[in-house]
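Residue-level structure breakdown
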Amino acid sequence: MMTKKHKFPGKKLLVLALAAVLAAGLSGCHGAKEQSAFSIPEEFDTSKNYEITFWAKNDTNKTQTEIYKKAISDFEALYPNITVDLRLYTDYGKIYNDVITNIATETTPNVCITYPDHIATYLTGNDTVVPLDDLMADESYGLGGSKLEFDSVKSDEIIPQFLEECSFAGHYYALPFMRSTEVCYVNKTYVEKLGYTLPETLTWDFVWEVSEKAMEQNADGTYKINGQNVLIPFIDKSTDNMMIEMLKQKNAGYSTDSGEIQLFNDTTTDLLYTIADHVKTGAFSTFKISSYPANFLNAGQCIFAIDSTAGATWMGTHAPLVDISSDALVDFETEVMTIPQFDPENPQMISQGPSVCVFNKKDSQEVLASWLFTQYLLTNEVQTAYSETEGYVPVTSKAQESDQYQDYLSREGEDNSTYYDVKIKASKTLLENVDHTFVTPVFNGSASLRDAAGQLIENVTKSVRRKQEIDADYIDQLYSDVTSLYHLDQISASETSGKADLGPLPVESKILLVSLGAVWFFILLYLLLEKRKSRK
Amino acid sequence: MKKRLVLLMALSLTFAFPGAVMAEENTTEETAEAASEEADVKSEGVMTHDEYLAAAVDDEVVIETYVQAKQSWWEDKATLYTQDKDGAYFIYNMPCSEEEYDKLVPGTKIKVTGYKAEWSGEIEVADVSSFEIEDGEYVAEPLDVTDLLGKDELIDHQNELVSFKGMTVEAAGQDADGNDVAYLYNYDGSGSEGDDLYFNVSLDGETYTFTVESYLCDKDSDVYKAVEALNIGDKIDMEGFLYWYEGVNPHITSVTAAE
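Counting from 1, residues in each chain are numbered in the order their sequence is written. To label them, take the chains in the order written and letter them from A, then take the ligands in the order written and number them from 1. Reporting in this predicted model follows two pLDDT cut-offs: at least 70 for local features of residues, and 80 or more for side-chain atom pairs to be given and counted; totals over whole chains, interfaces and linings ignore these cut-offs and use all residues. Hydrogen atoms and water are omitted, and side-chain values are computed over all heavy atoms in the structure.

Focus: the overall build of chain B
- A run of DSSP states H or I qualifies as a helix once it reaches four residues; a run of E qualifies as a strand once it reaches two. Both are numbered from the N-terminal end. Helices and strands together make up the secondary structure of chain B, namely 4 helices and 14 strands.
- By residue count, 49% of the 259 residues in chain B fall in the buried class.
- A separation threshold of at least 6 residues defines the contact pool for chain B, and within that pool the share at least 24 residues apart is 57%.
- Surface summary for chain B: the accessible area is close to 12,700 Å², and the carbon and sulfur share equals 50%. Burial classes: relative accessible area under 20% of the type maximum marks a residue as buried, over 50% as exposed, and values in between as partly exposed (1.4 Å probe, protein chains only). Every residue pair with non-hydrogen atoms within 4.5 Å of one another is taken to be in contact. We get accessible surface area from the Shrake-Rupley algorithm with a probe of 1.4 Å; when it comes to residues, only the shown protein chains can shield them.

What follows is the structure in structure tokens.
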């Protein structure tokens, strides 16, 4: 069974912990302060033992767990004085919450799977996350370094876009580990049964039109397309991504790089009205309200299921992972397509997937040990093995071009496990569209903004289902409620990214500094004159 | 003087405890008996359980019910297993302060206004707009539904406190060495101690997957440890709440050797 909705992350301590982290951050740093606590040792000390903790995320997938364990075992064989303790999570949010709790108690992990949005919050603490720029460039222990015990990836062998996603506030704070995007898993059989042919690139208009057509019912209340009592033609797993991708495709505001919130705009309102129209007919719902798109798709109760490529093994009649009973499975052809677009000539989709960051510790040798393990996760063996567990792609050209990975891709559909066609098609969709992926700006508060974007769709969907009118007054109240719920009014562009370069000083500050300098000058001058006088 | 006082208090507590337990048992039995004899009288504007069941998903519902167990409290929201004499109500993410949450001991009567929702077959009250603690107490006795396993009628008892008798532990999966194991952390063994426990039990040739929900019963709870100590072939009795996820998925709260 998949992770359930009723599993939510964290403990009540989080609120206090976050407050403590923020307080520490505010009192201890001012924007451009550097992470000076860590400096790279000249030599890695192999005479001492180091125990590092690695908080990893898996997709409730046993194979991924085994790959992590093997990577650790292989790494420990190369570095016998390093022990890696694995702690497993199935949810990014829970990792985020636990890290924040542990920042307050100075018990962060050494190495952690994370999202850049989350790192921006971690950085509000003092010297929490190690900037990796110097480590990456280090001749001995950096990417491709001369003193490494393994065949490390070189800097230019990491896919540039994926690496850039880990750079913000002027530093690299993580390495990409895996990348995925969202795709639309389509019941092609039903689309054609409804009299349509799938276009080369899916559009929003097409998805809405087919979804509405599918709502036709028989006299007994069953749906004509599937003969069942249940049908939700279009379900989106992540409404956060849905809103973000729609706005990006429309070239509408979401946020600026510096953290100015632009989410609440006319385009957003128009999109919400459109979504409301299709909720009203029953043609659209969300994961949070109805359940996993995969469960509906596989039961023949959904036609367009948008979900991560990393969820591909759950999709389709012959999916290796299934949550519904076998007698509920329906036989159909699954097509994997890019998410719907407003401008099919210029497709855009989100880039997502786990990255890895290194937390700072008092012992620089311990940090170096952490960095060595982080780097090891980018070796070909780990990259290819992990990417094959789901619709991920390796983050290095070295792994992507390897014979092993190319062989894997070429065997699409050979079986319904390792070479499951839907999974490999999902990976190929991302590989073919890397240039069409994007990420949202990272700043302290960007994680909340992302949640808020999804909440707009969730609230509208719920409200329509509860027969509430969606009009201008409703939208105004919704924007106000969501702003308040996610404290978006407390995010200011000037507070973004704890260690951001704050740019030139304001005029007032310059005047103050010049005045202080002048005062000190006159004090010194006075003292000198007094000294001269006393000599005379 | 203080020492004497403490000693006296300790002694009085020692003597009082068994009496209290007995009194509590008596009270519980009496309450359960009384409740079973009388139908729940609902306040004005409050639905009966039948009316709740008849309400459509996304309808606003107003219920009076009794807390049976608390799953979690997070960001001022509580998730509860509740039940009245006629049936159960799973309440998801009900806004409540920590102080209020502490008052929600088993048996506490609450009035809740929210929306009926369904998620993968689980019927629940979500988006609660208000709740209040009322006078009254009812602690449900587990209903033996062993004979209903595999039958359509089982869903009529969704979310109720139930028991299963004389079931046999089956292999839940394999460990890294390929040996059969009696339970898994997460449904496929991808988790570790502290995650949900999944185990399989059979009756009359049919096998069912049961869960120890880690928020309801964490790794230090008796039931969590009891499941970790299970062996394939053990005959066990169980109690728990009849949760639903794409089919029956009981949240087990007690495991003992079959009587």
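Some words on the sheet that holds strand E6 (residues 175–176) of chain A
All names here are of chain A.
- Taken in spatial order, the 5 strands of this open sheet run E2-E1-E3-E13-E6, and their pairing is mixed. Two strands bound the open sheet, and with one partner strand each, they are strand E2 (82–89) and E6.
- Strands were regarded as paired on the criterion that DSSP finds at least two bridges between them. Pairing analysis gives 4 bridges linking strand E3 (residues 111–114) to strand E13 (residues 355–358), with the strands arranged antiparallel. In the sheet register, Val111 faces E13, and the bridge partner there is Val358.
- To get an axis, fit a line to the C-alpha atoms, keeping to the stretch in contact for a helix; angles then go from 0 to 180 degrees between the N-to-C directions. Helix H2 (residues 62–78) rests against strand E1 (50–57), E2 and E3 of the sheet, and its axis sits at about 170° to E2.
- The strands that helix H13 (residues 364–376) touches are E1, E2, E3, E6 and E13; relative to E1, the one it contacts most, it runs at about 45°.

What about the confidence of the model for chain B?
All names here are of chain B.
- Confidence scores here are pLDDT values: one per residue, from the predictor, ranging 0 to 100. Per-residue pLDDT for chain B has a mean of 88; in total, 85% of the residues score no lower than 70.
- For the stretch residues 1–36, pLDDT sits under 50, and the model shows 10 contacts to residues farther than four places along the chain or on other chains.
- For this predicted complex, the interface confidence score (ipTM) comes to 0.82, while the overall pTM stands at 0.85.

Let's talk about the environment of Ile244(A)
Residues and elements named next belong to chain A.
- Among the secondary structure elements, Ile244 is positioned in helix H9 (residues 239–249).
- Judged by its relative accessible area of 2%, Ile244 is buried.
- When the C-alpha atoms of Ile244 and Thr90 are compared, they prove to be 24 Å apart, with 154 residues separating the residues in sequence.
- Ile244 has contacts with Tyr254, Ile350, Phe438, Thr440, Arg450 and Ala453, leaving out every residue within four places of it along the chain.

Looking at the interface of chain A and chain B
- At the interface, 36 residues of chain A touch 34 residues of chain B.
- Here chain A meets chain B over a buried area of about 3,100 Å², counting both sides, of which 50% is carbon and sulfur.
- The rule for a salt bridge is simple: a side-chain nitrogen of Lys or Arg has to be within 4 Å of a carboxyl oxygen of Asp or Glu. Taken together, chain A and chain B are joined by 4 salt bridges.
- Residue Arg465(A) is joined to Asp58(B) by a salt bridge in which the shortest nitrogen-to-oxygen separation is 2.9 Å.
- Polar contacts here mean pairs of N or O atoms no more than 3.5 Å apart (in protein, one a potential hydrogen donor and the other a potential acceptor; neighbouring residues in sequence count only if both atoms are side-chain atoms). At the junction of chain A and chain B, the tally comes to 12 residue pairs in polar contact (both at pLDDT 80 or more).
- Per-element accounting of the side of chain A that touches chain B gives the leading share, 4 residues, to helix H11 (residues 287–290) of chain A.
- Basically, the charged four are Asp, Glu, Lys and Arg, the nonpolar ten are Ala, Val, Leu, Ile, Met, Phe, Trp, Tyr, Cys and Pro, and anything else, Gly included, counts as polar. Tallied by class, residues from the side of chain A that touches chain B come to 12 nonpolar, 12 polar and 12 charged. Here the quantity called buried area is the accessible surface, traced with a 1.4 Å probe, that two parts lose on coming together, added over both.

As for the sheet that holds strand E2 (residues 77–84) of chain B
- Strand order around the closed barrel formed by 5 strands is E1-E2-E3-E5-E4 (chain B), with mixed pairing between neighbours. Pairwise comparison of adjacent strand axes, ignoring direction, gives a mean angle of 50° for this sheet.

A short note on the packing of H2(A) against H13(A)
All names here are of chain A.
- It is the contact of H2 with H13, at a shortest axis distance of 11 Å, that shows an interaxial angle of 125°. Classified by the interaxial angle, the pair formed by H2 and H13 is oblique. For the element pair H2 and H13, the recorded crossing hand is right-handed. Across the interface between the two elements, Ala71, Ile72, Asp74, Phe75 and Leu78 of H2 pack against Ala369, Leu372, Phe373 and Tyr376 of H13.
- For the contact of H2 with H13, the class distribution of residues is 8 nonpolar, no polar and 1 charged. Just so you know how the angles are binned, under 35 degrees is roughly parallel, over 145 roughly antiparallel, 65 to 115 roughly perpendicular, and the rest oblique. Crossings are sorted by hand: turned counterclockwise from the far helix by less than a right angle, the near helix makes the crossing left-handed, and turned clockwise it makes it right-handed.

Considerations on a negative patch on the surface
All names here are of chain B.
- A contiguous patch of negative charge on the surface is contributed by Glu75, Asp76, Glu99, Glu100 and Asp102.
- Mapped onto the fold, Glu100 is located in helix H3 (residues 98–103).
- With a relative accessible area of 31%, Glu100 lands in the partly exposed category. A patch is a set of surface residues, each over 30% in relative accessible area and not in a salt bridge, joined within 9 Å for like charges and within 5 Å for the nonpolar side chains Val, Leu, Ile, Met, Phe, Trp and Tyr. We treat Lys and Arg as the positive residues and Asp and Glu as the negative residues; His and chain ends play no part in the count. In this description, the location of a charge corresponds to atom NZ of lysine, CZ of arginine, CG of aspartate or CD of glutamate.

Points about the packing of aromatic side chains
Residue and element names in this part refer to chain A.
- Between 30 and 60 degrees the pair is tilted, below 30 it is stacked and above 60 it is edge-to-face, where a pair is any two Phe, Tyr or Trp rings, Trp via its six-membered ring, whose centres lie within 6.5 Å. Using the criterion set out here, one finds 43 aromatic pairs over all chains in the structure.
- Plain terms: the ring middles of Tyr68 and Phe177 are 6.2 Å apart, the flat faces sit at 20° to each other, and that makes the pair stacked. In this pair, Tyr68 is assigned in helix H2 and Phe177 in the loop between E6 and strand E7 (178–187), connecting sequence segments 109 residues apart. Accessibility classification places Tyr68 together with Phe177 in one group, the buried group.
- Connected via pairs of aromatic rings, a cluster forms that spans Phe44, Tyr50, Phe54, Tyr68, Phe75, Tyr79, Phe150, Phe177, Phe373, Tyr376, Tyr386 and Tyr392.

A word on a nonpolar patch on the surface
- Side chains of Val519(A), Trp520(A), Ile523(A), Leu524(A), Tyr526(A) and Leu527(A) sit close together on the surface and give an oily, nonpolar patch of about 640 Å² of accessible area.
- Secondary-structure assignment places Ile523(A) in helix H20 (residues 507–535).

Points about the state of the cysteines
- To count as a disulfide, a pair of cysteine sulfur atoms needs to be within 2.5 Å. Taken as a whole and assessed by the stated rule, the structure comprises 0 disulfides over all chains.
- Not engaged in a disulfide, the cysteine Cys357(A) finds its nearest cysteine sulfur in Cys112(A); these two sulfurs lie 5.1 Å apart.

Section: the pattern of salt bridges
Residue and element names in this part refer to chain B.
- Scanning all chains against the criterion turns up 23 salt bridges over all chains.
- Where Lys42 meets Asp84, a salt bridge forms, and the shortest distance between an N and an O atom there is 2.6 Å. With Lys42 in the loop between helix H1 (2–37) and helix H2 (49–54) and Asp84 in strand E2, this pair connects stretches of sequence that are 42 residues apart.
- On the basis of relative accessibility, which here comes to 17%, the residue Lys42 falls in the buried class.
- When its relative accessible area of 0% is taken as the criterion, Asp84 is described as buried.
- A salt bridge links Lys219 to Asp220, with the shortest nitrogen-to-oxygen separation between them at 3.8 Å.

Some details on the pairing of E1(A)
Residue and element names in this part refer to chain A.
- Across the 8 residues that make up E1, a large majority, 6, are buried.
- In this structure, E1 lies alongside E2, joined through 8 bridges in parallel fashion. Opposite Tyr50, over in E2, you have Ile82 as the bridge partner.
- The parallel pair E1 and E2 is bridged by H2, and the resulting crossover is right-handed.
- Note that E1 and E3 share 2 bridges and pair parallel. Bridge pairing in E3 places Phe54 opposite Val111. Convention used here: a crossover is right-handed provided that the path from the first strand, over the helix, to the second strand proceeds clockwise when the strands point away from the viewer.

Focus on unusual backbone geometry
- Unusually for a residue other than glycine, Ser291(A) sits at a positive phi of about 125°.
- With respect to the helices, strands and loops of the structure, Ser291(A) is situated in the loop between H11 and helix H12 (293–298).
- Since its relative accessible area comes to 1%, Ser291(A) is described here as buried.
- Although it is not a glycine, Asp76(B) adopts a positive phi angle of roughly 60°.
- With respect to the helices, strands and loops of the structure, Asp76(B) is situated in the loop between strand E1 (60–74) and E2.
- Given the relative accessible area of 42%, Asp76(B) is considered partly exposed.

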